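Notes for the structure review
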Amino acid sequence: MGQSDYNMKISWVNALFLTLTPIVGFAGAAALWNNYGAPGLFEGAIFVSMYFACGLSITGGYHRLFSHRAYEAHWLAVLFYTIFGAGAFQNSVIEWCSDHRNHHKMVDTDNDPYNAKRGFWYSHMIWVMTVDESLPNDFSNVKDLEANKIIAWQHRNIFKIGVASGWLLPMAIGYLYGGIPYAISGFIWGGVLRTVAVHHGTFCVNSIAHIFGTQPYDDTNTSRDSWWVAFLTFGEGYHNFHHIFQADYRNGIKWYHFDPTKWLIKTFSIFGLATKLKKTPQHSIDIAILDMKIKKNTQILEQSSVDSAPYVEKMKSTRDDLRSAMFSLHKATNEMKQGESKNSDELSAKIIQLKQNVVDGETEIYAIFKDIRNAKPNSA
């Protein structure tokens, strides 16, 4: 499909909303500053608390729970996500998740709702401000969500719930805190400006995290890992990992990765609000990283005059042996944890040997990588 084949029309409601909210927000903040002085503790607290409530409802609820089923949630958690997700003003769970599932299924193609290959601004926000009539959305991919009574209720009443939770709630908190001036501050800082911030944080995942960053796990699509996008979006910036391991409840897998959404889900699990958290086996992650390193080293060979055949064959053989050892170690370790083996001493010895096999395989593959970097071109 060429650019001329797109059947685009402006969505005036969305376009006006995305255009007017920053104008109203910044003008309102300026007026408050002029009349009541610089923003203080209340403005900071209401902005941050509403940013977390609505933002985490998108990342932990709309995204990881509803779109990808990375865990199961108690109805109270579902209710929290639907109420404050509505306050993020990013459509209902049903609409958001339908678009997102289509994005993953058809990433970087003309059927991707926010295809990054159509440009930064398109994937960032133009796709929201327009309707592509060549991509009708019949919600056939979210039948499981439509069956949920809370989600269906939110879909029917999305605007009412959004206004109540996203704008009227911070306004009411402000009024109770200090009367009319604080009600206006709550509306501007906790409502309108927070809406703008959550919008563009989410949009950064669709745009920046598909253009800038690293691809340690996969390069067959445009997704990238970006730590600073993760900082803005409660951990969603580890997007290259997410695209290859979509069902994992984590996006940042290292202990030092900034992923508040992962921490929220884990905290919910402690209190029984989240169960059956899905976690990608470490050996699958390690193999994905290894495959990318093999691919890069193969490209080094292709760009030189070195005879690549012996290296490529050796990398493939070692990779297959290493993958087999990692898989067997994962299986044996699980057997040990679950007490499935009748001979624990024999299983312990097997695990020790498999760990050594993994170490030997890793040593061998990295020695091959070193040989590739030091290889001399063949003489003519």
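Residues numbered from 1 in each chain as written. Predicted model: local features only at pLDDT ≥ 70, side-chain atom pairs only at ≥ 80, totals over all residues. Heavy atoms only, no water.

What follows deals with the packing of aromatic side chains. Think of a pair of aromatic rings as described by two things: how far the centres are apart, and how the planes are tilted against each other in angle. In the structure shown here, the tally under the stated rule is 24 aromatic pairs. Ring geometry for Trp167 versus Phe187: centroids 5.8 Å apart, planes at 80 degrees, classification edge-to-face. Here Trp167, found in helix H8 (residues 158-178), pairs with Phe187, found in helix H9 (residues 180-206); they are 20 residues apart in sequence, far enough to count as distant. For Trp167, a relative accessible area of 16% corresponds to the buried category. Seen from their ring centres, Tyr217 and Phe241 are 5.3 Å apart, and the 75 degrees between their planes marks the pair as edge-to-face. Of this pair, Tyr217 sits in the loop between H9 and helix H10 (227-232) while Phe241 sits in helix H11 (residues 239-244), and the two are 24 residues apart along the sequence. Through a chain of ring-to-ring contacts, the aromatic side chains of Phe66, Phe80, Tyr81, Phe84 and Phe268 assemble into a single cluster. One cation-aromatic arrangement involves Arg118 over Tyr122; the distance from NZ or CZ to the ring centre is 4.0 Å. (Phe/Tyr/Trp six-rings, centres within 6.5 Å; stacked < 30°, edge-to-face > 60°. Helix = DSSP H or I, 4+ residues; strand = E, 2+ residues; numbered from the N terminus. Buried < 20%, exposed > 50% of the residue type's maximum accessible area, 1.4 Å probe, protein only. Lys NZ or Arg CZ within 6 Å of the ring centre and 35° of its normal.)

Further remarks concern a nonpolar patch on the surface. Taken together, the side chains of Ile10, Trp12, Leu16, Leu20, Ile23 and Val24 define a hydrophobic patch exposed on the protein surface, amounting to about 600 Å² of accessible area. Sorting elements by how many residues they give to the nonpolar patch places helix H1 (residues 12-36) first, with five residues. On the secondary structure map, Ile23 appears in helix H1. (Patch = residues over 30% accessible without salt bridge, like charges linked within 9 Å, V, L, I, M, F, W, Y side chains within 5 Å. Areas by Shrake-Rupley, 256 points an atom, 1.4 Å probe, with all protein chains shown as cover. Salt bridge = Lys/Arg side-chain N within 4 Å of Asp/Glu carboxyl O.)

Along the chain, Met50 falls in helix H2 (residues 41-67). On the basis of relative accessible area, Met50 is assigned to the buried category, the value being 4%. Note: C-alpha distance between Met50 and Gly166 (116 residues apart in sequence) is 7.7 Å.

At a closest axis distance of 9 Å, the pairing of helix H14 (residues 309-338) and helix H15 (residues 344-374) adopts a crossing angle of 155 degrees. Here H14 lies roughly antiparallel to H15, going by the angle between them. The element H14 and its partner H15 pack so that their crossing is left-handed. Among the residues forming the contact of H14 with H15, the class breakdown is 16 nonpolar, seven polar and seven charged. (Axes fitted to C-alpha atoms, helices over the stretch in contact; angles between N-to-C directions. Parallel < 35°, antiparallel > 145°, perpendicular 65-115°, else oblique. Left-handed = near helix turned anticlockwise from the far one by under 90°. Nonpolar A, V, L, I, M, F, W, Y, C, P; charged D, E, K, R; others polar.)

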